[in-house]
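The chain contents come next:
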Amino acid sequence: MVFYPICNTQNKFPCYNRGMEKNINTSISLVSHIHSLAAEFLTARLTDAGFPEFASSHGNILFQLGSSGGMTMSELSERINRDRSTVTVLVRKLEKEGLVLTREDGRDRRARKVFLTEKGGMYNKMMGTISSELIGTFYGGFSEEERRQCFGFLVRIAENFVRADDSAGTGL
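## Regarding the overall build of the protein chain
Then comes step 1: Scanning the protein chain for helices and strands turns up six helices and three strands.
Then comes step 2: Traced from its N-terminal end to its C-terminal end, the protein chain shows the element sequence α-α-β-α-α-β-β-α-α.
Then comes step 3: Partitioning the intrachain contacts of the protein chain with sequence separation of at least 6 by distance along the chain shows that 42% fall at a separation of at least 24.
Then comes step 4: Just so you have it, the protein chain exposes about 12100 Å², and 55% of that area is on carbon and sulfur atoms.

Put into structure tokens, the structure is as follows:
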């Protein structure tokens, strides 16, 4: 069995199951821990940049809008994997901050279409810098080949869950 110690020498972040050696069967916990660390990293950088109350879902909406000419709430909901009511709340906050604007959809008067503002575009540029720093931290000390392998493994893991979900018929 292969063991992987993951405790930080500075004890900046708590180790899970302190004192226990890590083995490959704790992979899900490790992925969850990495997700939490990445979220803390982003929260700290966003706070430093003047966006202390932004969640990753806010940034995801702005990113999606930056790569499109505008989207309906339903399209955004599908793209960021959140229900429509959650997207509505997130978009309202972004609109209040002047990062997006909403208009009636010309094709469907019942629907609202969301567009990125100039300020939202500036946010996306700032997030590009932060994202580069996050990726650099994530892959710190990895060779280019190791980065590609790691990414390939993560894609395969995600595909395993999609297949399992599809075969279970849950539709998630």
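## Quick word on the environment of M73
Then comes step 1: If you trace the backbone, M73 turns up in helix α3 (residues 73-80).
Then comes step 2: A residue is classified by how much of its surface remains accessible, and M73, at 8% relative accessible area, is buried.
Then comes step 3: Separated by 13 residues in the primary sequence, M73 and T86 have C-alpha atoms spaced 9.9 Å apart.
Then comes step 4: When near neighbours in sequence (up to four residues on either side) are disregarded, M73 contacts R84, V87, T88, V91, R112 and V114.

## Remarks on the sheet that holds strand β3 (residues 112-116)
Then comes step 1: If you walk across this open sheet you meet the three strands as β1-β3-β2, and the pairing is antiparallel. Every other strand in the sheet has two partners, leaving β1 (71-72) and β2 (100-104) as the edge strands with one partner each.
Then comes step 2: The pairing of β2 with β3 spans five bridges and is classified as antiparallel. Across the sheet, T102 pairs through a bridge with V114, a residue of β3.
Then comes step 3: Running over the sheet, helix α2 (residues 56-66) touches β1, β2 and β3 and is turned about 85° from β3.

## A closer look at the pattern of salt bridges
Then comes step 1: Throughout the structure, instances matching the rule amount to three salt bridges.
Then comes step 2: Taking the shortest distance from any N to any O, the salt bridge between K93 and E53 comes out at 3.8 Å. One end of the pair, K93, is in helix α4 (residues 84-96); the other, E53, is in the loop between α1 (27-48) and α2, with 40 residues separating them in the sequence.
Then comes step 3: Using a relative accessible area of 60% as the deciding quantity, one classes E53 as exposed.
Then comes step 4: The shortest N-O distance in the salt bridge between E144 and R148 comes to 3.4 Å. One end of the pair is E144 and the other is R148, both in helix α6 (residues 144-168) and four residues apart, which spans about a single turn.
Then comes step 5: Of the residues examined, R148 reaches a relative accessible area of 54% and is grouped as exposed.

Criteria and thresholds
Residues numbered from 1 in each chain as written. Predicted model: local features only at pLDDT ≥ 70, side-chain atom pairs only at ≥ 80, totals over all residues. Heavy atoms only, no water. Helix = DSSP H or I, 4+ residues; strand = E, 2+ residues; numbered from the N terminus. Contact = heavy atoms within 4.5 Å. Areas by Shrake-Rupley, 256 points an atom, 1.4 Å probe, with all protein chains shown as cover. Buried < 20%, exposed > 50% of the residue type's maximum accessible area, 1.4 Å probe, protein only. Pairing = 2+ DSSP bridges. Axes fitted to C-alpha atoms, helices over the stretch in contact; angles between N-to-C directions. Salt bridge = Lys/Arg side-chain N within 4 Å of Asp/Glu carboxyl O.

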